[in-house]
Amino acid sequence: MATQLPKRDRRQFLRDSAFATIGLAGVTGQQSGTASVALQERGAPSTAGSKSLSRQFAEWVVRLRYEDLPADVVDRAKGLALQNISSALLGAQLPAGRQAINFITEEESGITNGATILVTGARVTKSGAAFANSELMLAGGKWDTFRMLTHPGTAIIPGALAAAESQQASGRDFITAIAAGYEVMERMAADWIPTVMARGFHAGPVFSIFGAAIAAAKIMRFDEDQVHAVISLCTNLAGSNLESRALREGAAVRSAMLAVALARRSNVGGGEAVLEGPAGFYHAYAGNNTGELTYSFVGDDHTSFDKLTFDLGKSWMFLETLYRIYSIAGYNIAHVDVTARLCEEHNIRYEDVDRVEAVVNWLETQYPSPAFPTRREDTGEARPGSTRYYSAYGVVKRGFPMLAGTPDPPEVLELMTRVTIIPSHQMTLFGPRITIFTRDGKSYMRQATGREFIWNFDEEARRIRDIVPGLPIPASQFERLIAACRDLDREPAAATLVRLTLKN
């Protein structure tokens, strides 16, 4: 007669299965040093010093203190927290946001020791709250953007908020953690974004899982081995497919919280060369571990892994993060403001314009990738939502609405047919060269720098206030949220940011 095994519920089964797998990883990880040497002999690239990339990142993350952060890094962290939380406020009222809230609250009802979904105040698991809050931010459209195709804050901020609630972290802890998360993620992504996209992966979720996990691990005060374990687990959990387009940063941050939870409770170990090894992350997602690039923003065909950790903590790539203040494709935001500024400087009216030319970075014309563009900005007919449309909007309205629902002005729809987009391999991202030709035979040109949407906290607060009419909370409460973000370094509890989003 067969022996009957004890019954286990689904949660117990998943937990046991996960830790059994981790146990095996821990056993193999005991020889990680030897394995790393073997991988190097088989062709893995060298990195600065003798430590692997994940070890260098882990060591830096653990050592990082609030006092190490430059003033402009602190300011950017505060501003990006405000930007992404503001987006969640808008997103909570939209169908996609409500769908995410309903999904998580139905799946995770009855949770008491977890984290909070913004706006509603529902208590769910930390990973559930991170997922829902990410989806709210995505729905709201007021994201940040790094090198056009990634939006780090939509994963990093939700992960950090969930961790901060559970750990009762201070505002300074929160700032330090998200600065670490952004910096690691953006260094990992920088040169590789177009190449990863060309392989059918969406670079945003593929890289943002690392940023979200690093931020949460920092708040939870992980040691170096645990941070390395988190990075190792993220290489297993990263993903997002361009053909499907069904899951993005919400799934990434939920998986990041799983990686953090597993690393916290078990000796994961993991190979030392999980990022740069012959079978590591970059080989899987970029197709090689030698620095070869299929595409790049500026025409380079090769990069070096040494760049990922060079001057780490001294030179901050985080400061390249832009505010995507308009809820439109990031590469179009400069076309609104740069064209508007040119018209203001020379008092150019719609009636004066004969035609407009915009020279742009070539990758901005072939979304999501030149390997399989689903949207060409330089060919075909102009249409609402195209780059030509936003250039025309800048001329006609000298700005763009901060909230959805404004009818398209007829002048914009007419003028966009007289806008030409010219791709170039020499132009910086988000830095179009706009030339307006007027009916009197003159022309006026303005060259963008690519940094027009990098600003300090006060400018972010000024510009984001334009969304107040569309918020689910009173204007006075939103002002308190702005003040809490501005003074986050003096805030004893980062979870105050969550509380200030809740409807009374």
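Structure first, text after, so check above.
Residues numbered from 1 in each chain as written. Predicted model: local features only at pLDDT ≥ 70, side-chain atom pairs only at ≥ 80, totals over all residues. Heavy atoms only, no water.

Notes on the nonpolar core
The nonpolar side chains of a soluble globular protein tend to be buried, and buried together. Which entries qualify depends on this criterion: Buried Ala, Val, Leu, Ile, Met, Phe, Trp, Tyr and Cys residues that are joined via side-chain atoms within 4.5 Å together make up what is termed a nonpolar core. We call a residue buried when its accessible area falls under 20% of the maximum for its residue type, exposed when it is over 50%, and partly exposed in between, using a 1.4 Å probe and counting protein chains only. Secondary structure is summarised from DSSP: a helix means a run of H or I of at least four residues, a strand means a run of E of at least two, and numbering begins at the N terminus for each. Note on contacts: a residue pair is in contact if any heavy atoms of the two residues lie within 4.5 Å.
Phe 174, Met 188, Phe 207, Leu 275, Phe 281 and Phe 478 are the most contacted members of the largest nonpolar core, which has 163 residues in total. It is helix 10 (residues 203-219) that contributes the most residues to this core, 12 residues altogether. Those residues within four positions of Phe 207 in sequence are excluded, and the remaining contacts are Met 185, Met 188, Ala 189, Trp 192, Val 196, Phe 281 and Tyr 282.

What about the sheet that holds strand 8 (residues 419-424)?
Under the convention used in this document: When DSSP finds at least two bridges between two strands, those strands are taken to pair. With axes taken as lines fitted to C-alpha atoms, and helix axes fitted only over the stretch in contact, angles between N-to-C directions fall between 0 and 180 degrees.
Pairing in this open sheet of 4 strands is mixed, and the strands run 8-5-9-10 from one edge to the other. The sheet is open, and its two borders are formed by strand 8 and strand 10 (443-447), each paired with just one other strand. Averaged over all pairs of adjacent strands, the angle between their axes in this sheet comes to 15°, without regard to strand direction. Note that strand 5 (residues 353-361) and strand 9 (residues 433-438) share 6 bridges and pair antiparallel. Along strand 9, the bridge assignment pairs Glu 357 with Thr 435.

Section: the packing of helix 4 (residues 71-91) against helix 7 (residues 153-167)
Stated formally: By the definition adopted for this analysis, an angle is roughly parallel if under 35 degrees, roughly antiparallel if over 145, roughly perpendicular if from 65 to 115, and oblique otherwise. Under this grouping Gly is polar, as are all residues other than the nonpolar Ala, Val, Leu, Ile, Met, Phe, Trp, Tyr, Cys and Pro and the charged Asp, Glu, Lys and Arg.
Where helix 4 meets helix 7, the closest approach of the two axes is 10 Å, and the angle between their N-to-C directions is 95°. Judged by the inter-axis angle, helix 4 sits roughly perpendicular to helix 7. Contact residues: Leu 80, Ala 81, Asn 84 and Ile 85 in helix 4; Gly 153, Thr 154, Ile 157 and Leu 161 in helix 7. Of the residues assigned to the contact of helix 4 with helix 7, the class counts are 5 nonpolar, 3 polar and no charged.

A short note on the pattern of salt bridges
Applied cut-off: A carboxyl oxygen of Asp or Glu within 4 Å of a side-chain nitrogen of Lys or Arg is what we treat as a salt bridge.
Under the counting rule described, the total for this entry stands at 27 salt bridges. One salt bridge connects Glu 224 with Arg 55, and the closest N-O pair in it is separated by 3.9 Å. Taken together, the positions of Glu 224 in helix 11 (residues 224-237) and Arg 55 in helix 3 (residues 53-63) put the pair 169 residues apart, joining distant regions of the chain. The class for Arg 55 is buried, based on a relative accessible area of 16%. With a closest N to O distance of 2.9 Å, Lys 78 and Asp 489 form a salt bridge. Here the residue Lys 78 occupies a position in helix 4, and Asp 489 occupies one in the loop between helix 19 (475-486) and helix 20 (496-499), the gap between them amounting to 411 residues. Look at Lys 78 and you get buried, because its relative accessible area is 10%. Where salt bridges share partners, they join Arg 55, Glu 224, Asp 225 and Glu 272 into one cluster.

Some details on helix 16 (residues 387-397)
Most of helix 16 sits out of view: 9 of its 11 residues are buried. For helix 16, the complete set of buried residues consists of Thr 387, Arg 388, Tyr 389, Tyr 390, Ser 391, Ala 392, Tyr 393, Gly 394 and Val 395. On its buried side, helix 16 packs onto helix 15 (333-346), strand 5, strand 7 (375-376), helix 17 (410-415), strand 8 and strand 9. Following helix 16 by one or two positions, Arg 398 adopts a phi angle in the positive range, close to 55°.

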